[in-house]
Structure formats: C-alpha cells, structure tokens
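Coordinate inspection notes
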Amino acid sequence: RAKSRDAKRLADVRQIASAMELYFNDSGAYPAATGQLVPNYIGVWPAYPTPVTDGTCTQPSSYALSGTYAATNYQLSFCLGGQTGGYAAGVHTLGPAGIQ
C-alpha cells in the first residue's frame, strides 16, 4: 500500500507539472496561486493519499506551491516514503526543470 501511495504522489506531481507548463504556455508566466489552474488546466487539485505518513515522510493534506513566487519559476515540495519511479525515498522538489 505504501508503494501505491508513493506512485500516486508521483503521478499527482507529474499532473501538476503538466498543468503548470500548459498555463505558462498560454500566459507567459507561472500562476501565483494553485486556484488559477483549476478547472482549466487541472480538473481538481490533488490531495495527498492517506495516511500522510510513509517511511520518514509526513505530508501535508494537499500539495502546495512553496517559496517565493516568480513569473518564471515555481517550487513544489513533496516526499516519497520509498524508492519510486527511479526516485529515491525522501523529499523532492518540482520546478520548471522537472523533479529534483
């Protein structure tokens, strides 16, 4: 079940990345708030699968953009409880360059 939750987290993050890039292509900037993506770029903003604690990760209840907003940059942090999809367990960051 933990692997399934991590796979869902990774799929959610990839969906968010696609929505961010579609928004950028249409407006020339990344959105300042996640609400600007719903419903035109992503049907519903994803929530973390429960339980929110996996391995050493404790997640918030939903994905949120973090850091300082810039029209040409964004950052979203998420955590994987175990190795998933070629990514190691632990905290990762999604930005314009992809998942780090």
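Structure report, in brief. (Residues numbered from 1 in each chain as written. Predicted model: local features only at pLDDT ≥ 70, side-chain atom pairs only at ≥ 80, totals over all residues. Heavy atoms only, no water.)

Points about the sheet that holds strand 3 (residues 76–80)
Each strand in a sheet pairs with another by means of backbone hydrogen bonds, the pair being arranged parallel or else antiparallel. In spatial order, the strands read 3-4-5; together these three strands make up an open sheet with antiparallel pairing. One side of each edge strand has no neighbouring strand; the edge strands of this open sheet are strand 3 and strand 5 (98–99). Summarising the sheet, strand 3 and strand 4 (residues 90–95) pair through five bridges and their orientation is antiparallel. The residue bridging Ser77 from the neighbouring strand is Thr93, located in strand 4. Strands strand 3, strand 4 and strand 5 of the sheet are contacted by helix 1 (residues 2–27), whose axis makes an angle of about 160° with strand 3. (Pairing = 2+ DSSP bridges. Helix = DSSP H or I, 4+ residues; strand = E, 2+ residues; numbered from the N terminus. Contact = heavy atoms within 4.5 Å. Axes fitted to C-alpha atoms, helices over the stretch in contact; angles between N-to-C directions.)

Description of the nonpolar core
Core analysis: the biggest nonpolar cluster contains 19 residues, and Ile16, Tyr63, Leu76, Phe78 and Leu94 have the highest contact counts within it. For this core, the element with the highest residue contribution is helix 1, accounting for seven residues. Setting aside its immediate chain neighbours within four residues, Ile16 contacts Ile42, Trp45, Pro46, Tyr63, Leu76 and Leu94. (Core = buried A, V, L, I, M, F, W, Y, C linked by side-chain atoms within 4.5 Å. Buried < 20%, exposed > 50% of the residue type's maximum accessible area, 1.4 Å probe, protein only.)

A word on the pattern of salt bridges
Following the criterion strictly, the structure yields two salt bridges and no others. With its nearest N and O atoms 2.8 Å apart, the salt bridge here joins Asp6 to Arg9. One end of the pair is Asp6 and the other is Arg9, both in helix 1 and three residues apart, which spans about a single turn. Assigned by exposure class, Asp6 and Arg9 land together as buried. Among the salt bridges present, the one from Lys8 reaches Asp12, with a minimum N-O distance of 2.8 Å. With Lys8 and Asp12 both in helix 1, this residue pair falls four residues apart, about one helical turn. (Salt bridge = Lys/Arg side-chain N within 4 Å of Asp/Glu carboxyl O.)

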